[in-house]
Amino acid sequence: LILLALLSLAYSLSGGLKAVAMTDIVQVVLLIFGGLAVSYIALNTISDNSGVLSGLTIVYQELPEKFDMILSPDNPSYENLPGIWILLGAGVWIGHFAYWGFNQYITQRALGAKSIKEAQKGVMFAAYLKLLMPLVIVLPGICAAILFPVLEKSDQAYPTMMMYLLPNGLLGLTFAALIAAIVSSLASMTNSISTIFTMDIYRKFSKNHVSESKLISIGRNTVIFSLLIAVIVAKPLLGSFDSIFQYIQNFTGLFTPGILVIFLVALFWNKATTLSTLVAAISS
């Protein structure tokens, strides 16, 4: 945990958003190819080297319930994904619009592009990459239920698949990309915290003119302080959960509706004021 924080701190302080973007390019390529390799090898292993399609057929025959997108009321996960309502209702749409459209550390990368056209291309390319998630992330998890049915925590499924299925060279590259993805996300978030605090809070409420060098110094101190808080609270806050991802979804679901409303109103209603968005943010 401390090592990841230090790695994130090292290159987010020295390289800023550009360092994050450059790291993302490398780790995304490695993660996608590594994930596809895990899916391919897992399906081939399940079918005793009879091919991917045979493996997929076996997986579907043995675990048909794992392929259900719309859950029935008797499913243990129905509380989190309540059947057809998760698609027809506002739940998924609010989360996705808030995350992909108005998430600070995603929009900040788009705003860092050299032109609007380049930013649009980047966002569209990210959307196409998202379509690969069922093959890269979901399918290996389903295969793990057959290959490794007894695991203490669901979070162990993917690393276990990597350890036992990937050849040494590819395992090292994929693991490095996984670490890079964690560090990159950390650096993106701290970069966003730094930007918001420095530009939108400190500079705005400062009575005197603040120089560029002073803003950079405050931004860097904000990064260090925010990471320090994260390291201290991570273990007691997240250490006991079976799935950290599920906890994050539940937790962010509490305030993403407010963020979505703020952005939509600010974009489409010219009577919106700073005070109204502040009230909406605090109340949500």
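For clarity, every value in this text was computed on a predicted model and none was experimentally measured.

A. How the structure looks around unusual backbone geometry. Positive phi is not limited to glycine here, since Asp48 has a value of about 55°. Locating Asp48 in the fold gives a position in the loop between helix 1 (2-46) and helix 2 (52-62). Residue Asp48 is classed as exposed on the basis of its relative accessible area, which comes to 65%. Phi at Asn49 is positive, roughly 60°, even though this residue is not glycine.

B. View of the packing of aromatic side chains. Taken as a whole and judged by the stated rule, the model has 6 aromatic pairs. On the numbers, 5.2 Å between centres and 70° between planes, the contact of Tyr60 with Phe67 is edge-to-face. Seen from their ring centres, Tyr99 and Trp100 are 5.0 Å apart, and the 80° between their planes marks the pair as edge-to-face.

C. Quick peek at the nonpolar core. Grouped together as the largest cluster of nonpolar side chains are 19 residues, with contacts concentrated most on Val59, Cys143, Met161, Met162 and Leu166. Elements that contribute at least two residues to this core include exactly helix 1, helix 7 (133-147) and helix 8 (157-165). In this structure, Ala19, Val20, Val183 and Ala187 belong to the second largest nonpolar core, which totals 5 residues.

About the thresholds
- Residues numbered from 1 in each chain as written.
- Predicted model: local features only at pLDDT ≥ 70, side-chain atom pairs only at ≥ 80, totals over all residues.
- Heavy atoms only, no water.
- Helix = DSSP H or I, 4+ residues; strand = E, 2+ residues; numbered from the N terminus.
- Buried < 20%, exposed > 50% of the residue type's maximum accessible area, 1.4 Å probe, protein only.
- Phe/Tyr/Trp six-rings, centres within 6.5 Å; stacked < 30°, edge-to-face > 60°.
- Core = buried A, V, L, I, M, F, W, Y, C linked by side-chain atoms within 4.5 Å.

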